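Below, each chain spelled out in residue letters.
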Amino acid sequence: NNIRILDNTIDGGYYNIYFYGGTSTNDYGTNVIVKGNILSNAYYYGAYFYYTDLISLSDNTVSTRSSNVSTYYYGLYCYYCNVESLNGNKIRNFNASINYPYGIYVSYLNYYNTNKPALISNNDIILKTAATSAGIYVNISRVNIMHNSILVDGSGQNRIIYLNLSEAYAVNIKNNNLISTSTNGCGLYIANTSYLGSYLFMDYNNYYTAYIGYAN
């Protein structure tokens with residue numbers, strides 16, 4: 001608890017930051033701030049968080065390595081976490097040898113121990129890939145995704161925002177710029193259509209993609 005990781009330069013490693021805050025969904029590490037760091041050349045994760053309650057995960061710059069890469073890469077990864085503000089991060093992958101890059105990946109975010117949504121906002125994400133990727137990947141989470149700019153450059157089945165919804169956990173997507181250069185790219189990929197109109201709300205987004213959306 002009560003950890004600050006501020007204004008560091010961290011280069012290399014399997015993870016630039018690995019943070020395992022608690023022991024279960026009833027025991028999160030709390031009062032954590034990760035802000036203003038430069039994270040570069042990690043093999044698999046820029047920053048990885050598990051069982052962590054973050055006040056802020058913001059204003060970090062994350063970039064991949066140019067050689068000796070994995071086929072997968074995650075810029076900011078939150079699994080069973082709560083976040084008040086995930087804001088103003090810059091995430092870059094210019095290496096197409098990383099087949100499956102994910103800018104921001106969250107699963108069960110703000111699902112336990114809170115009734116408030118996470119705010120994912122003002123992030124600037126650029127990914128290059130020849131396969132399948134997602135700028136922001138959301139699985140069963142309570143989030144507001146607002147004012148982000150995401151470019152995925154490449155020929156694969158790009159999903160600028162990937163969503164897997166769950167009952168009673170609302171997702172709001174507004175005022176984002178979503179861009180894909182692929183002829184197979186889509187702005188929104190919705191893996192579960194059961195809650196459209198009841199827990200998914202979208203408006204005022206800008207799309208420059210082959211397909212605005214795909215619902216499975």
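What counts, and at which threshold
Residues numbered from 1 in each chain as written. Predicted model: local features only at pLDDT ≥ 70, side-chain atom pairs only at ≥ 80, totals over all residues. Heavy atoms only, no water. Salt bridge = Lys/Arg side-chain N within 4 Å of Asp/Glu carboxyl O. Helix = DSSP H or I, 4+ residues; strand = E, 2+ residues; numbered from the N terminus. Buried < 20%, exposed > 50% of the residue type's maximum accessible area, 1.4 Å probe, protein only. Pairing = 2+ DSSP bridges. Axes fitted to C-alpha atoms, helices over the stretch in contact; angles between N-to-C directions. Phe/Tyr/Trp six-rings, centres within 6.5 Å; stacked < 30°, edge-to-face > 60°. Lys NZ or Arg CZ within 6 Å of the ring centre and 35° of its normal. Core = buried A, V, L, I, M, F, W, Y, C linked by side-chain atoms within 4.5 Å. Contact = heavy atoms within 4.5 Å.

> Any chance you could break down the pattern of salt bridges for me, citing the residues and the numbers?
A full pass over the atoms with the stated rule returns 3 salt bridges. Across the salt bridge formed by Asp124 and Arg92, the nearest N and O atoms sit 3.0 Å from each other. Highlighted residues: Asp124 in strand β12 (residues 124-128) and Arg92 in strand β9 (residues 90-93), separated in sequence by 32 residues.

> I'd like a description of unusual backbone geometry, backed by residues and values.
You will see that Asn31, though not glycine, has its phi angle at about 60 degrees, which is positive. Within the fold, Asn31 resides in strand β4 (residues 29-35). At Asn68, a residue that is not glycine, the phi angle is positive and equals roughly 50 degrees. Relative to the elements of secondary structure, Asn68 occurs in the loop between β7 (61-64) and β8 (72-87). Taking the relative accessible area as the measure of exposure, Asn68 reaches 59% and is therefore exposed.

> Give me the lowdown on the sheet that holds β9, citing residues and values where you can.
Judged by pairing direction, the sheet is parallel, and its 8 strands sit side by side in the order β2-β5-β7-β9-β12-β15-β18-β21 without closing on themselves. The two strands at the open ends of the sheet, each matched to only one other strand, are β2 (9-11) and β21 (206-208). Direction aside, neighbouring strands of the sheet carry axes that sit 5 degrees apart on average. Taken together, the 3 bridges between strand β18 (residues 177-180) and β21 define a ladder with parallel strand orientation. Directly across from Leu178, in β21, lies its bridge partner Tyr207.

> Can you break down the packing of aromatic side chains residue by residue, with the values?
Within this structure, the stated rule accounts for 43 aromatic pairs. Aromatic side chains Tyr108 and Tyr111 sit 5.1 Å apart centroid to centroid with 90 degrees between the ring planes, which places their arrangement in the edge-to-face category. The class of Tyr108 is buried, set by a relative accessible area of 19%. Over the ring of Tyr189 we find Arg159; its NZ or CZ atom is 4.0 Å from the centre of that ring.

> Before we move on, can you summarise the nonpolar core with the specific residues and values?
Residues Phe49, Ile104, Leu109, Ile136, Ile145, Ile161 and Leu163 are the most contacted members of the largest nonpolar core, which totals 42 residues. The dominant element in this core, judged by the number of residues it contributes, is β8, at 6 residues. Excluding residues that lie within four positions of it along the chain, Ile104 makes contacts with Leu76, Leu86, Ile91, Ile120, Asn123, Ile125, Gly135, Ile136 and Tyr137. Core analysis: the next-biggest nonpolar cluster, separate from the first, contains 20 residues, Tyr44, Tyr45, Tyr137 and Ile140 among them.

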